[in-house]
Amino acid sequence: MRPTNPTGRSTAFAGFCAVLALTAATTAGCGGDSGGSGSKSLDLITGVKSDPFYITMTCAAQQEAKKRGVKLTVNGSAQWDVAVQRPIIDSVAATHPGGLLISPVDTAALTPSLQQIQNAGTKVVLVDTEVSDASIGVSRISSDNEAGGRTAAKSLAQLMGDKGSAIVISVKPGVSTTDARIKGFNEEMKANHPGITLLPVLYDNDLPATAASQIQSTLAAHPDLGGVFAGNTNTAQGISTGLQAAGKQGKVKVAAFDAEPDEITALTNGTLDVLVAQDPGAIGRQGVDQALAAIDKKKVTAHIGTDMVAITKANMDQPDIKKFFYQAAC
Amino acid sequence: MTAQAPAPVKDRQETTRRPPVPSWLRRLAAANEAWTFGVLALLVAFFTAARPSTFLTRYDITQIATNAAIYLVLGVGMTYVIIVAGIDLSVGSVLVLSAVLSAEYTIHHGGAKSGWGTIAVSTLIALATGLLWGALQGWLVAKARVPPLIVTLGGFGAALGAAQIITGGQDPAGAVSGKLQRSIGFGKLFGQIPWLVVIAFGATLVFGLVLAFTRFGRYTYAIGSNPEAARRVGINVDAHLVKVYALVGLLSGLGSVMWLAYFGTTSIAGHSTDNLKVITAVVLGGASLFGGRGSVLGTVIGVFIPAVLSTGLIIMGVQQYWQDVAIGVVLVAAVYLDQFRRRGRDHG
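What counts, and where the lines are drawn
Residues numbered from 1 in each chain as written. Chains lettered and ligands numbered in written order. Predicted model: local features only at pLDDT ≥ 70, side-chain atom pairs only at ≥ 80, totals over all residues. Heavy atoms only, no water. UniProt positions renumbered as here; feature names shortened; annotations may be inferred. Helix = DSSP H or I, 4+ residues; strand = E, 2+ residues; numbered from the N terminus. Buried < 20%, exposed > 50% of the residue type's maximum accessible area, 1.4 Å probe, protein only. Contact = heavy atoms within 4.5 Å. Areas by Shrake-Rupley, 256 points an atom, 1.4 Å probe, with all protein chains shown as cover. Phe/Tyr/Trp six-rings, centres within 6.5 Å; stacked < 30°, edge-to-face > 60°. Lys NZ or Arg CZ within 6 Å of the ring centre and 35° of its normal. Core = buried A, V, L, I, M, F, W, Y, C linked by side-chain atoms within 4.5 Å. Patch = residues over 30% accessible without salt bridge, like charges linked within 9 Å, V, L, I, M, F, W, Y side chains within 5 Å. Salt bridge = Lys/Arg side-chain N within 4 Å of Asp/Glu carboxyl O. Disulfide = S-S within 2.5 Å. Buried area = accessible area lost by both parts, 1.4 Å probe. Polar contact = N/O pair within 3.5 Å; in protein donor to acceptor, adjacent residues only side chain to side chain. Pairing = 2+ DSSP bridges. Axes fitted to C-alpha atoms, helices over the stretch in contact; angles between N-to-C directions. Parallel < 35°, antiparallel > 145°, perpendicular 65-115°, else oblique. Left-handed = near helix turned anticlockwise from the far one by under 90°. Right-handed = clockwise from strand over helix to strand, strands pointing away.

In the nomenclature of an unreviewed UniProt entry, chain B is known as Monosaccharide ABC transporter membrane protein, CUT2 family of Actinacidiphila cocklensis. Among the UniProt annotations of chain B, the heading Subcellular location (unreviewed entry) holds the following wording: "Cell membrane".

Naming follows an unreviewed UniProt entry, where chain A appears as Monosaccharide ABC transporter substrate-binding protein, CUT2 family of Actinacidiphila cocklensis. Annotation of chain A in UniProt includes, under Subcellular location (unreviewed entry), the sentence "Cell envelope". In its Sequence similarities (unreviewed entry) section, UniProt records this for chain A: "Belongs to the bacterial solute-binding protein 2 family."

This is the structure in structure tokens:
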């Protein structure tokens, strides 16, 4: 077991080790033992190469692979685009790796490519995103987005003093991760914070300028607006600009997902008030472990949901919170 | 002429059975922008009546104008390009590239705490980037004879790609001087009018007048109506096209400075549909995609119709999906009204 594990990950990890201990007679798998998987090669294909979330995930996966003594080759799409990711998958398939960790950028379009690579004997582990076909992948590891939405709602409600209106401005409907976050957010608000009026969700199509004008219009219609849950970084930027122009910065609390470097800066500056950080590092590490377990024909956990943590200005200096900050480079 | 005066006999349309129409009203109705302006006025009147305590009071005209300012600046350039029967799909990406290059200079010369010297140089870098990129695209359209759709589609991808190469795809931190943000982004002239609005209307006024009253403007219309005829009367069509595309590039550069000042970041991923928004505004304002027709005043109206509509619908609490439907319907209806009027005039 690694020292100084964050609470969420360590429990998940401990559970995984316990499963291994129960089912596998060998000692391989936990505690950095590299026995048995030395010659195996792994590949990792991320969704967007330059995204700090995926960079953090990649760094952790590389560390874990090094520790387990396997070779990990990293690839990633330049954009969130099926047409960009599919050729990468096909070229990786040609090398017949023992295991493939992938964040598919589409729930359906990549299924044939992944089916093919799986049939050729490669153990596929889906990290962060998923495909709808349940036969793909030996394990699926992602953040529990509904829980993340609830975490955001709890923190935001606390900052709002449990009164006023709250609104969600998201990117676009029909994205499984953000839809789940909104669902969790709305459920938590309705169930446990009756003093807060929940306004209908708005979508800005990833355009900060649209988010800025939407938040100003909402402010005009609902002067008691006290909190906003932003779908992503671009949206959060637009919202904080809109609030600043309307002279409401600080009065309306803004919660956003992820903990990218510029979001941390925004938290320090007070343009954002709550960050709900995922744990991409844990996803990467678990991905490597699960792939190796599958290759070694050991027990594999089919679904793993990693925890999320709420970062505010008050707790951002604590070391057990700081390690959730995403990295821009390894 | 007074309001009671009978219509001239020679005008076939104005038979005695119709009530006489005052001539100022008829002139106004014949003006290109009158009908789309009517749509805008109708929308404003509707939202004001529906939410008198909110629309244009708490949420005032300066907020709408601030949010529309950057699209307006891009729209002015696009008006020129569309009048010469061209198109520029690259505006959003050129804006991003200009913003990124100027941000790179700011980052290495003081970052968020940098002073006016850095602001001036980074602004010049943004304007020059836009101008040069635009001129290059203009040269490809005019001299290399590549269709503008292809040139600017290529430019759209290449400029965005270049910006991603420079930044590694992430919006860099410390991209804007805090001074620029406080003074231009959120500052107001005389404490009343946001500087972004002042800049946007300044640019609109200058280039609107240039289009309407100067030789440069007349050449623009002439080339859009019939490039061959324009060439034969001695207009240097190629040089003029380069200038027009350089102008839209320059205005994209200006837009990037305004963006940095207002949003404080390069927003590399946030400009993929700027081109559609801006082209829609220009066409809504009465410009023809086949060239030769359009005006900056029309574009101003065309930028404001969607802006007013989306804010008004949010204030009324309309569900988002219905907002998109309503905006789509109004866009098509406004252009249909305009076409209807033109047909009437052309046949009458």
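Observations regarding the overall build of chain B
Within chain B, the secondary structure is distributed over 14 helices and two strands. Burial statistics for chain B: of 348 residues in total, 48% are counted as buried. The contacts in chain B between residues at least 6 apart in sequence include a share of 77% that link residues at least 24 apart. On chain B, roughly 16000 Å² of surface is accessible, and the fraction owed to carbon and sulfur atoms is 69%.

With respect to the packing of aromatic side chains
Counted by the stated rule, this structure contains 11 aromatic pairs over all chains. Here A:Phe229 and A:Phe257 contribute two aromatic rings whose centre-to-centre distance is 5.9 Å and whose plane-to-plane angle is 45°, an arrangement assigned as tilted. Here A:Phe229 is found in strand E9 (residues 225–230), whereas its partner A:Phe257 is found in strand E10 (residues 253–257), with 28 residues between them in sequence. The buried category is assigned to A:Phe257, whose relative accessible area is 1%. Three or more aromatic residues link up through ring pairs in this structure, and these residues are B:Phe186, B:Trp259, B:Tyr262 and B:Phe263. A:Arg181 extends its terminal NZ or CZ atom over the ring of A:Phe257, reaching a point 3.8 Å from the ring centre.

Observations concerning the nonpolar core
With 72 residues, the main nonpolar core has B:Leu43 and B:Ile305 as its most contacted residues. Sorting elements by how many residues they give to this core places helix H3 (residues 61–83) of chain B first, with 15 residues. Filtering out sequence-adjacent residues up to four positions away, B:Leu43 remains in contact with B:Ile305, B:Val308, B:Leu309 and B:Val330. Among the nonpolar cores identified, the runner-up in size contains 51 residues, and A:Val48, A:Leu72, A:Leu202 and A:Ile311 belong to it.

Some thoughts on a nonpolar patch on the surface
All names here are of chain B. A contiguous nonpolar surface patch, about 350 Å² in accessible area, is contributed by Leu 205, Leu 209 and Phe 213. Relative to the helices and strands, Leu 209 resides in helix H8 (residues 195–213). Here Leu 209 falls in the partly exposed class, since its relative accessible area comes to 42%.

Observations concerning the state of the cysteines
All names here are of chain A. Considering all chains together, one arrives at one disulfide over all chains under this definition. Through a disulfide, Cys 59 is tied to Cys 330; the S-S separation comes to 1.9 Å. Around the S-S axis, the bridge from Cys 59 to Cys 330 shows a dihedral of about -105° and counts as left-handed. Placement of Cys 59 in helix H2 (residues 52–68) and of Cys 330 in the segment after helix H11 (319–322) is noted, with a sequence separation of 271 residues between them.

Here's the deal with the side chain of B:Gln323
Position of B:Gln323 relative to the elements: it lies in helix H14 (residues 320–347). The residues touching B:Gln323, leaving out its near neighbours within four places in the chain, are A:Leu202, B:Ser310, B:Leu313, B:Ile314 and B:Val318.

Topic: the interface of chain A and chain B
Each partner contributes to the interface: chain A provides 30 residues, whereas chain B provides 27 residues. Both faces combined, the contact of chain A with chain B buries some 2500 Å², and carbon together with sulfur accounts for 57% of it. Taken together, chain A and chain B are joined by zero salt bridges. On inspection of chain A and its partner chain B, the count reaches four residue pairs in polar contact (both at pLDDT 80 or more).

A closer look at the sheet that holds strand E12 (residues 303–306) of chain A
Residue and element names in this part refer to chain A. If you walk across this open sheet you meet the six strands as E2-E1-E3-E4-E5-E12, and the pairing is parallel. The open sheet has two free edges, formed respectively by strand E2 (71–76) and E12, since each of these has just one partner strand. Averaged over all neighbouring strand pairs, the angle between strand axes comes to 15°, with direction disregarded. Pairing of strand E1 (residues 41–46) with E2 involves six bridges; the strand directions are parallel. The residue bridging Ser 41 from the neighbouring strand is Lys 71, located in E2. Strands in contact with H2 are E1, E2 and strand E4 (123–127); relative to E1, the strand with the most contacts, it is inclined by about 175°. Here helix H3 (residues 82–94) sits on the sheet in contact with E1, E2 and strand E3 (99–102), set at roughly 175° to E1.

Examining the pattern of salt bridges
All names here are of chain B. Scanning the entire structure with this criterion turns up 12 salt bridges over all chains. The salt bridge involving Lys 143 is made with Asp 238; its shortest N-O contact spans 4.0 Å. You can see Lys 143 sitting in the loop between helix H5 (116–142) and helix H6 (148–167) and its partner Asp 238 sitting in helix H11 (residues 237–263), a full 95 residues away along the chain. Residue class for Asp 238 comes out buried when judged on its relative accessible area of 14%. We note a salt bridge from Glu 228 to Arg 231, for which the minimum N-O separation is 3.3 Å.

Structural notes on the packing of helix H7 (residues 208–221) of chain A against H3(B)
Two elements in contact, H7(A) and H3(B), have axes separated by 10 Å at closest approach and are oriented at 175°. Comparing their axes, H3(B) and H7(A) come out roughly antiparallel. Of H3(B), the residues touching H7(A) (which contributes A:Ala209, A:Ala212, A:Ser213 and A:Gln216) are B:Gln63, B:Asn67 and B:Tyr71.

Notes on the pairing of E4(A)
Residue and element names in this part refer to chain A. Most of E4 sits inside the fold, with four of its five residues counted as buried. Summarising the sheet, E3 and E4 pair through four bridges and their orientation is parallel. Looking at the pairing, Leu 101 lines up with Val 125 of E4.

Brief notes about the packing of H7(A) against H11(B)
Geometry of a packed helix pair, given as the angle between the helix axes and the separation of the axes. At a closest axis distance of 12 Å, the pairing of H7(A) and H11(B) adopts a crossing angle of 50°. The angle between H7(A) and H11(B) places the two elements in the oblique class. The chirality of how H7(A) crosses H11(B) is left-handed. On H11(B), the residues touching A:Pro208, A:Ala209, A:Ala212 and A:Gln216 of H7(A) are B:Trp259, B:Tyr262 and B:Phe263.

Thoughts on the pairing of strand E6 (residues 164–170) of chain A
Residues and elements named next belong to chain A. Most of E6 is tucked away: seven of the seven residues are buried. With three bridges joining them, E6 and strand E7 (residues 196–198) adopt parallel strand pairing. When the bridges of E7 are listed, Gly 164 appears paired with Ile 196. One crossover worth recording links E6 to the parallel E7 by way of helix H6 (residues 176–192), and it is right-handed.

Regarding the environment of B:Trp35
Residues and elements named next belong to chain B. Within the fold, Trp 35 resides in helix H2 (residues 34–50). The partly exposed category is assigned to Trp 35, whose relative accessible area is 32%. Sequence spacing of Trp 35 and Val 335 is 300 residues, and the spatial spacing of their C-alpha atoms is 9.4 Å.

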